[in-house]
Amino acid sequence: MELLSELAQRKALVAAVILFALGAGVLGQTILEYVAPPAAPPAVTTEFVVDEEFTEEADGRAAAERPVTPTAIPFVVAYVSGAVRAPDVYRLPGGARVKDLVLAAGGFADDADIERINLAAPITDGQHVRVPWIGDATAAVETAPVESAKGDNSSGLLDLNRATVAELDALPGVGSVLANRIVEWREREGPFQSVDDLGKVEGIGPALLAKLAPLVTVAP
């Protein structure tokens, strides 16, 4: 009897242990599910399909709408003499006026006769503008490139073989003395064959020749 009673007690103990273990497992699982963070949702990958035809069309429209870069402004070369502070040959933007040329030359001299010159006249390439002095009987030259001595030459340059003393005198750095020497050399030696022949005239050195070369020519 005692043996049967002991076995019954052992079975009851084993059953209690099993039940406790099962209960502890269920409780632990519940706690883990409550404490553990939820699993992250699976990442979603989005793929974009590029429509090449649409992209090229959009690029073409964008290029057409870009502002057009203006072309370079042409320049003119003109000579100003007379009653200005720095008579010389100047390079000006296309569309320049006599006023722009006078300003490039440092402005009027104190005794310039500004009433006898049209400051609004346009400047052309190769033009000579002479600003008169007060009391100067010589007419102002405003809008004409050197044409009276160029004959059939259409470049606007002064023809050394037809130029008068007065026209040569108006060239920068020449003056009346050198102008007379040029005419005398031409009459003595014959027509100039090239612009470089100016260097053969007494008083015209390499520096002055380089300054005059863009303004004169030798017509055929």
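Our structure is the block above this text.
Undergrad: So what exactly am I meant to see when it comes to the pattern of salt bridges here?
TA: Where charged atoms from two side chains of opposite charge come close, those side chains can pair. Applying the stated criterion across every chain yields a total of 6 salt bridges. Linking Lys211 and Asp88 is a salt bridge whose minimum nitrogen-to-oxygen distance equals 3.6 Å. Of this pair, Lys211 sits in helix H6 (residues 206–212) while Asp88 is found in strand E2 (residues 88–93), placing the two residues 123 residues apart along the sequence. Looking at Lys211, the relative accessible area reads 34%, which means it is partly exposed. Judged by its relative accessible area of 23%, Asp88 is partly exposed.

Undergrad: Whenever I open this one, the nonpolar core confuses me. Can you help?
TA: Nonpolar side chains tend toward joint burial in soluble globular proteins. Leu168, Leu171, Ile182, Leu198, Ile204 and Val216 are the most contacted members of the largest nonpolar core, which has 21 residues in total. Put simply, the parts of the chain that give this core at least two residues each are helix H5 (175–189) and H6. The leading source of residues in this core is H5, at 5 residues. Val216 has contacts with Leu157, Leu158, Leu160, Leu171, Val195 and Leu198, leaving out every residue within four places of it along the chain. With 19 residues, the next largest nonpolar core counts Val80, Ala83, Ala121 and Val131 among its residues.

Undergrad: Please explain H5 as it appears in this structure.
TA: For an α-helix, the turn length of 3.6 residues means that residues three or four places apart are oriented alike. End to end, H5 covers 21 Å across 15 residues, agreeing with the expected 21 Å (1.5 Å per residue, within 8%). For H5, the complete set of buried residues consists of Leu178, Ala179, Ile182, Val183, Trp185 and Arg186. Angularly, the buried residues of H5 cover 155° about the axis, an arc narrow enough to put them on a single face. Along H5, exposed side chains directed more than 90 degrees from the buried face belong to Val177, Glu187 and Arg188. Where H5 is buried, its residues contact helix H4 (165–169) and H6. Phi for Gly190, located one or two positions after H5, is positive at around 100°.

Calculation criteria
- Residues numbered from 1 in each chain as written.
- Predicted model: local features only at pLDDT ≥ 70, side-chain atom pairs only at ≥ 80, totals over all residues.
- Heavy atoms only, no water.
- Salt bridge = Lys/Arg side-chain N within 4 Å of Asp/Glu carboxyl O.
- Helix = DSSP H or I, 4+ residues; strand = E, 2+ residues; numbered from the N terminus.
- Buried < 20%, exposed > 50% of the residue type's maximum accessible area, 1.4 Å probe, protein only.
- Core = buried A, V, L, I, M, F, W, Y, C linked by side-chain atoms within 4.5 Å.
- Contact = heavy atoms within 4.5 Å.
- Expected span 1.5 Å × (residues − 1).
- Arc of directions from axis to C-beta.

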